[in-house]
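# Analysis of the macromolecular model
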Amino acid sequence: MSYQYVKVLIANRVGIIEFNHTRKLNALSKVFIDDLLQALHDLNHTDIRCIIMRAPEGAKVFSAGHDIHELPTGRRDPLSYDDPLRQITRTIQKYPKPIISMVEGSVWGGAFEMIMSSDIIVACNTSTFSMTPVNLGVPYNLVGIHNLIRDAGFHIVKEMIFTAAPITAQRALSVGILNHVVEPSELEDFTLKLAHVIAEKAPLAIAVIKEELRVLGEAHTMNSDEFERIQGLRRAVYDSEDYLEGMSAFMEKRKPNFVGR
């Protein structure tokens, strides 16, 4: 199988998906995510025991997050159920093999949620992590927020979202977002060794336990009235002047002027 936006390698029962959309800083566009989904599908066979997702060696940006050019300009949910970002996070979470995000460079917005949906995160000590929807006026959805707070504390998630400021790999490690932080020169060898340890374990047991962990991690209830209330609040935001201002400012490469309506 050939791909345009990713490269796929196999190293001793470990599938490696390397991003190849560097012209757009590996932004999570539909065509890029379609290739990611196809690569994951093609690697889902008994000979592969673990997956690594990575940017090219030496990347300054792991992924710039959701492709802003593909967000609607208003009057429509910017993060609906079928949005490519929602598709890739669901696939990673439900994938029957462990997925390791091997992070070199900065991680922005939706890409942060994507790596948080993986099972293990190994990062360079020079990497940074940002959650940036408020820079654009985007009302992030309930599923996306849940994907963040499931694996990181409420207070750190609130700070990351409310400020949109990047945090260092060292801080992300200290608050439990990352599994390991290593020197850039050690990143590939360290991650491959970890993946090969996993590849030697019982794959059927791992698949079941991963699914158990996913189900338990999502074992939170919300009544239908509360869900609809939140959706109504989100609709008010993506119908607002601020949402249009955030999109316009990004396209015009200027600082947005949010007015709160």
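For the structure given in this document, a descriptive report is provided here. (Residues numbered from 1 in each chain as written. Predicted model: local features only at pLDDT ≥ 70, side-chain atom pairs only at ≥ 80, totals over all residues. Heavy atoms only, no water.)

Right, let's get into the overall build of the protein chain. A tally of regular secondary structure across the protein chain gives eleven helices and ten strands. Along the longest, intermediate and shortest principal axes, the C-alpha atoms of the protein chain span 55 × 40 × 40 Å. Taken over 261 residues, the protein chain has a buried fraction of 48%. Here the analysis covers contacts within the protein chain between residues at least 6 apart in sequence; of these, 73% occur between residues at least 24 apart. Looking at the protein chain as shown, the accessible area adds up to about 13100 Å², and 56% of this sits on carbon and sulfur atoms. One way to put it: in the protein chain the 28 positive side-chain charges average out to a point 1 Å from where the 32 negative ones average out. (Helix = DSSP H or I, 4+ residues; strand = E, 2+ residues; numbered from the N terminus. Buried < 20%, exposed > 50% of the residue type's maximum accessible area, 1.4 Å probe, protein only. Contact = heavy atoms within 4.5 Å. Areas by Shrake-Rupley, 256 points an atom, 1.4 Å probe, with all protein chains shown as cover. Lys, Arg positive; Asp, Glu negative; His and termini not counted. Charge placed at Lys NZ, Arg CZ, Asp CG, Glu CD.)

Once that is clear, we can look at empty space enclosed by the protein. Summed over all chains, the structure comprises one cavity of 30 Å³ or more. Its volume calculated, the largest cavity comes out at about 30 Å³. The wall of the largest cavity is formed by I16, I52, R54, M102, E188 and L192. Elements represented by at least two residues in the lining of the largest cavity include exactly β3 (50-54) and α8 (187-199). Classifying every residue of the lining of the largest cavity gives four nonpolar, no polar and two charged. (1 Å grid on protein atoms, 1.4 Å probe; cavity = no way out; pocket = protein on both sides within 12 Å on 5 of 7 lines; lining within 4 Å. Points joined across faces, edges and corners; volume = space filled by probe spheres on them. Nonpolar A, V, L, I, M, F, W, Y, C, P; charged D, E, K, R; others polar.)

What follows deals with the pairing of strand β7 (residues 120-124). Within β7, five of the five residues are buried, leaving the element largely enclosed by the surrounding structure. Side chains of β7 alternate between two faces, with I120, V122 and C124 and I121 and A123 buried alike. Both strand β5 (residues 99-103) and β7 contribute to a ladder of four bridges, which runs parallel. Residue pairing for β7: V103 is matched across the bridge by A123. When β7 meets strand β10 (residues 180-182), the two strands line up parallel, connected through three bridges. Directly across from A123, in β10, lies its bridge partner V181. (Pairing = 2+ DSSP bridges.)

In space, the four strands of this open sheet follow the order β4-β6-β8-β9, with mixed pairing throughout. One side of each edge strand has no neighbouring strand; the edge strands of this open sheet are β4 (61-63) and β9 (167-168). Pairing between β4 and strand β6 (residues 106-108): two bridges, direction parallel. The residue of β6 that forms the bridge with V61 is S106.

A word on the sheet that holds β3. Taken in spatial order, the six strands of this open sheet run β1-β2-β3-β5-β7-β10, and their pairing is mixed. Two strands in the sheet have a free side with no partner beyond their single neighbour: β1 (6-10) and β10. The mean inter-strand angle of the sheet, taken between neighbouring strand axes irrespective of direction, is 20°. (Axes fitted to C-alpha atoms, helices over the stretch in contact; angles between N-to-C directions.)

For the rest of this paragraph, the subject is the layout of surface pockets. Of the voids in this model, the largest pocket is the one considered here, and its volume is about 670 Å³. For the largest pocket, the lining is made up of 25 residues, of which L142, V143, H146, M222 and F227 are closest to its centre. Those elements that provide at least two residues to the lining of the largest pocket are α2 (84-94), α5 (142-149) and α10 (224-238). In terms of residue class, the lining of the largest pocket is built from eight nonpolar, nine polar and eight charged.

Turning our eyes to something else, we now look at the packing of helix α1 (residues 30-42) against α2. Where α1 meets α2, the axes come as close as 9 Å, and the angle between the chain directions of the two elements is 20°. Comparing the axis directions of α1 and α2 gives the class roughly parallel. Two packed elements cross with a definite hand, and for α1 against α2 that hand is left-handed. Here α1 contributes K30, I33, L36, L37 and L40 to the contact with α2, which in turn contributes P84, L85, Q87, I88, T91 and I92. For the contact of α1 with α2, the class distribution of residues is eight nonpolar, two polar and one charged. (Parallel < 35°, antiparallel > 145°, perpendicular 65-115°, else oblique. Left-handed = near helix turned anticlockwise from the far one by under 90°.)

In terms of nonpolar packing, the biggest core is built from 55 residues, with I88, F112, M114, F129 and I177 touching the most fellow members. Residues contacting F112, with those up to four places away along its chain left out, are V107, F129, S130, M131, L148, M160 and I177. Listed in part, the 15 residues of the second largest apolar core include M102, I120, V122 and A199. (Core = buried A, V, L, I, M, F, W, Y, C linked by side-chain atoms within 4.5 Å.)

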